[in-house]
Amino acid sequence: LRGQAQVTIANSVLAGTAVAGQASLRSVDNDQADATLTLQVAGNSLKAQGRFATARASSPGNTAGTGLGSTDHWDVTLDAPTLSTFAPLWRLVRPTGSDSTLAGTLAASASVNGRWPELTAQGDLSGSDLRIGATTVQQAQARWKLGTADGAPIELDASASHLRLIGSTATG
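Residues numbered from 1 in each chain as written. Predicted model: local features only at pLDDT ≥ 70, side-chain atom pairs only at ≥ 80, totals over all residues. Heavy atoms only, no water.

(A) Inspection of the environment of L46 at higher detail. Tracing the chain through its elements places L46 in strand β4 (residues 44–53). Relative accessible area serves as the criterion here: at 27%, L46 is assigned to the partly exposed category. Discounting residues that sit within four places of it in the chain, L46 has contacts with L37, T38, L39, V76, T77 and L78. (Helix = DSSP H or I, 4+ residues; strand = E, 2+ residues; numbered from the N terminus. Buried < 20%, exposed > 50% of the residue type's maximum accessible area, 1.4 Å probe, protein only. Contact = heavy atoms within 4.5 Å.)

Structure (structure tokens):
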């Protein structure tokens, strides 16, 4: 992969929702590329950036492991202080006949290293006053660390308070 590409969405409206963003892809050298994405949707933001191998394992001069994704790295962050502003977009993709309510705040970050089938990932998520359709959660927290290699640990620490799933109530 050689060269670069960039796409910009400037001050647009989709389903009545303000949208702006930028994505880019550029060759770092003959073996790696950088990718970035920044998306703003009505006061909420999604950012992703990564570096990944582009050479094939059989490329001339390629050393063992290079190009197989072992050095790939991605970081993703979501900062959504007003999920309700996504509601018009949510209505476009929600299951037909389901409740279209979307509300609350959500923040998340994750890092992924490697490439399938040899991945490691870690991240965290926090939300408050969440409502997706008929499901509500007053507070939610989660942290995780996992890998797909044999013997890789899987760690998950999650909590939710005042969870209501379509007509039932649970507190914790």
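(B) The arrangement of the pairing of strand β8 (residues 135–147) in detail. Judged from the 12 bridges that link them, strand β7 (residues 118–132) and β8 form a sheet pairing that is antiparallel. Looking across to β8, one finds that I132 is bridged to T135. In sequence, β7 turns back onto β8 through a hairpin of 2 residues, with G133 there showing a positive phi of about 60°. Here β8 runs beside strand β9 (residues 154–161); their pairing, made up of 8 bridges, is antiparallel. Bridging from a neighbouring strand, A142 pairs with A158 of β9. What sits between the antiparallel neighbours β8 and β9 is a turn of 6 residues, in which G151 has the positive phi angle 80°. (Pairing = 2+ DSSP bridges.)

(C) How the structure looks around the side chain of D72. Within the element layout of this structure, D72 appears in the loop between β4 and β5 (73–80). Of the polar contacts made by the side chain of D72, one reaches the backbone nitrogen of A53; its length is 2.8 Å. A polar side-chain atom of D72 sits 2.7 Å from a polar atom in the side chain of R115. Beyond its immediate stretch of four places on either side in the chain, D72 contacts R51, F52, A53, V112, N113, G114 and R115. (Polar contact = N/O pair within 3.5 Å; in protein donor to acceptor, adjacent residues only side chain to side chain.)

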